[in-house]
Amino acid sequence: MDEFYIQWHITNLCNLRCRHCYQEYFNSDEDLPWLKLKTIYENILSTAQEWNKKMHITITGGEPLLKKETFLLLDYLDLKDEISELSLITNGFFLNEEICQRLDGSPKLKKIKISLDGASEKTNDFIRGRGTFSKVMKAIEKVKKFSNLQITLMFTIMKINLKEIESLFELCKDFNLEGLMVERFIPLGQGISIEEQILDKDEWKNLTDTLLELCQINSPLNELLPYRAFQIKFNPNPPIPPHRRVTDIPHRKSTEEVGEVTTIQPKLELLGAPCTAGTDGLCIMPDGMVYPCRRFNLPVGNLLKQSLSEIWQNSEVLRKIGEKNNLQGKCKICPIKECRGCRALAFALTGDYLAEDNQCWL
């Protein structure tokens, strides 16, 4: 059965003020009480039944562990057949023994994703705030000690931390982590003030080439152009046979950590995430508003007022970005059929979500 991917931001409340954050404010003013959260998840479940699809839901914020309804929501979703998998994105500050054990008790929550934006204390703390590097290291230790959850680090790539990608690989190996997610920086919210940190097309190309080298993958660089983000899996289970290449494996898309798989090592995978906006994923905001993705800052509906199915079928924005012939510039004539560029980046930089992706090196 096909999966549909949802990133659900259940709160804007956060204890950090990261320089690159896509949020504009960090309070709970838009947070929904339990009964309205219930309305949203029932909306999601009914659509899953209508579409005959499983829902893969990532709960995040803000900082989701600051919202008291988080565990109630996880417990409820855990019981539903329509949910294939749950995951949680956190900054790691509140991962104590009790929290780790409670998360570990969720059958469908196998993975926890912790944000880190530098392989060194100096770089990470400049971006995320003093003491955050140390907090994440301690959080990793607690998760490993008090749970069986797989840990993936969430890394937003910018000019300031671009050169630390190799060191970050080593850090993940040293801590025996399951994965590393490398995402683009999109200038929204607080991040608007550091727009100069966006990688240019040559830097994005060099990063992609570096990932191939670090994963020891012999694959044409242009085959990775459709991907908006990358995940490195350090301990895949089961391992992928060494002869399989990018072009041999069908697409599997997700807002967070999916795509095609390739490897020549039995214990290392590189996964790419194509843009899911308008194809098989979306984002839910704390007030029930729906975005194509969190970094694509354009509402297309609200789950407190419309069904997910209605939004998906009737949104002009989702329809336009889902079809390559609607795109502009070099993206419209690009020979790579499955690539639609990064609509979020185009919208953030130009105000036109159909504009060409300026990080494309073709």
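The rules we used
Residues numbered from 1 in each chain as written. Predicted model: local features only at pLDDT ≥ 70, side-chain atom pairs only at ≥ 80, totals over all residues. Heavy atoms only, no water. Helix = DSSP H or I, 4+ residues; strand = E, 2+ residues; numbered from the N terminus. Rg over C-alpha atoms; globule rule 2.2 N^0.38 Å. Buried < 20%, exposed > 50% of the residue type's maximum accessible area, 1.4 Å probe, protein only. Areas by Shrake-Rupley, 256 points an atom, 1.4 Å probe, with all protein chains shown as cover. Lys, Arg positive; Asp, Glu negative; His and termini not counted. Charge placed at Lys NZ, Arg CZ, Asp CG, Glu CD. Axes fitted to C-alpha atoms, helices over the stretch in contact; angles between N-to-C directions. Parallel < 35°, antiparallel > 145°, perpendicular 65-115°, else oblique. Left-handed = near helix turned anticlockwise from the far one by under 90°. Contact = heavy atoms within 4.5 Å. Nonpolar A, V, L, I, M, F, W, Y, C, P; charged D, E, K, R; others polar. Phe/Tyr/Trp six-rings, centres within 6.5 Å; stacked < 30°, edge-to-face > 60°. Lys NZ or Arg CZ within 6 Å of the ring centre and 35° of its normal. Disulfide = S-S within 2.5 Å. Salt bridge = Lys/Arg side-chain N within 4 Å of Asp/Glu carboxyl O. Core = buried A, V, L, I, M, F, W, Y, C linked by side-chain atoms within 4.5 Å. pLDDT = per-residue confidence, 0-100. Arc of directions from axis to C-beta.

(A) Highlighting the overall build of the chain. Counting secondary structure elements, the chain contains eleven helices and twelve strands. On C-alpha atoms alone, the chain measures out to a radius of gyration of 19 Å, which is about the 21 Å that the 2.2 N^0.38 rule sets for 362 residues. For the C-alpha atoms alone, the extent of the chain along its principal axes is close to 50 × 45 × 45 Å. By residue count, 60% of the 362 residues in the chain fall in the buried class. Carbon and sulfur atoms form 48% of the exposed surface of the chain, whose accessible area is close to 15200 Å². Measuring between centres, the 46 positive side-chain charges of the chain sit 0 Å from its 50 negative side-chain charges.

(B) Spotlight on the packing of helix H1 (residues 34-51) against helix H2 (residues 70-78). One can describe the packing of H1 onto H2 by two numbers: an axis separation of 11 Å at closest approach and a directional angle of 30 degrees. Taken together, H1 and H2 sit at an angle that is classed as roughly parallel. In the packing of H1 onto H2, the handedness of the crossing is right-handed. Residues Trp 34, Tyr 41 and Leu 45 of H1 lie in contact with H2, whose contacting residues are Leu 72, Leu 73, Tyr 76 and Leu 77. The class makeup of the residues in the contact of H1 with H2 is seven nonpolar, no polar and no charged.

(C) Quick look at the packing of aromatic side chains. If you walk through the whole model with that rule in mind, you get eleven aromatic pairs. Arranged with centres 5.2 Å apart and planes meeting at 65 degrees, the rings of Phe 4 and Trp 51 form a pair that is edge-to-face. Of the two residues, Phe 4 sits in strand S1 (residues 3-9) while Trp 51 sits in helix H1, which places them 47 residues apart along the sequence. Under the relative-accessibility criterion, Phe 4 is labelled buried at 1%. Every member of this aromatic cluster is reached through a ring pair, and the members are Phe 4, Trp 51 and Trp 312. Here the guanidinium or amino end of Arg 102 rests over the ring plane of Phe 71, the centre of that ring lying 4.0 Å away. If you follow Arg 184 out to its NZ or CZ, it ends over the ring of Trp 204, 4.3 Å from the centre.

(D) Examining the state of the cysteines more closely. Throughout the structure, instances matching the rule amount to zero disulfides. Here Cys 172 is not cross-linked by a disulfide; its sulfur's nearest cysteine counterpart is in Cys 215, at 11 Å. Here Cys 275 is not cross-linked by a disulfide; its sulfur's nearest cysteine counterpart is in Cys 293, at 6.4 Å.

(E) Region of interest: unusual backbone geometry. With an omega dihedral of 25 degrees, the bond running from Gly 61 to Gly 62 counts as a cis peptide bond. Relative to the helices and strands, Gly 62 is located in the loop between strand S2 (54-60) and H2. One non-glycine residue, Asn 176, lies in the positive phi region at around 55 degrees. Inspection of the secondary structure puts Asn 176 in the loop between helix H6 (165-174) and strand S6 (179-184). Although it is not a glycine, Gln 216 adopts a positive phi angle of roughly 55 degrees.

(F) Molecular detail of the pattern of salt bridges. Enumeration according to the criterion identifies twelve salt bridges in this entry. The salt bridge involving Glu 42 is made with Lys 38; its shortest N-O contact spans 2.6 Å. Of the two residues, Glu 42 and Lys 38 are both situated in helix H1; the distance of four residues between them amounts to about one turn of the helix. Residue Lys 38 is classed as partly exposed on the basis of its relative accessible area of 28%. The network of salt bridges with shared partners includes Asp 31, Lys 67 and Glu 69.

(G) Quick look at the environment of Lys 337. Its location among the elements puts Lys 337 in the loop between helix H10 (329-333) and helix H11 (343-350). Note on Lys 337: relative accessible area 74%, which makes it exposed. Residues Lys 337 and Ile 112, 225 residues apart in the sequence, show an inter-C-alpha distance of 33 Å.

(H) Quick look at the nonpolar core. Within the largest apolar cluster, 111 residues are counted, with the highest numbers of intra-cluster contacts made by Trp 8 and Leu 180. Not counting the four nearest positions on each side in its chain, Trp 8 is found in contact with Leu 37, Ile 40, Tyr 41, Ile 44, Ile 57, Thr 58, Ile 59, Thr 60, Leu 73, Ile 284 and Met 285. The next biggest cluster of nonpolar side chains, apart from the first, holds five residues, and it includes Ile 89, Met 154, Ala 229 and Ala 273.

(I) Quick peek at the environment of Met 285. Inspection of the secondary structure assignment puts Met 285 in the loop between strand S10 (281-284) and strand S11 (289-291). Each residue touching Met 285, except ones within four places of it in the same chain, is listed here: Trp 8, His 9, Tyr 291 and Arg 294.

(J) How the structure looks around the confidence of the model for the chain. Averaged over every residue, the pLDDT of the chain is 90; the share at 70 or more is 91%. The model gives residues 238-266 a pLDDT under 50, and that stretch makes 84 contacts with residues more than four places away or in other chains.

(K) Structural detail: H6. Within H6, burial applies to Ile 165, Leu 168, Phe 169, Leu 171 and Cys 172. All buried residues of H6 project into a common sector of 165 degrees when viewed along the axis, lining one side. In H6, the exposed positions angled more than 90 degrees off the buried face are occupied by Glu 166 and Asp 174. On its buried face, H6 sits against helix H5 (132-146), strand S5 (150-157), S6, helix H7 (201-214) and strand S7 (227-233).

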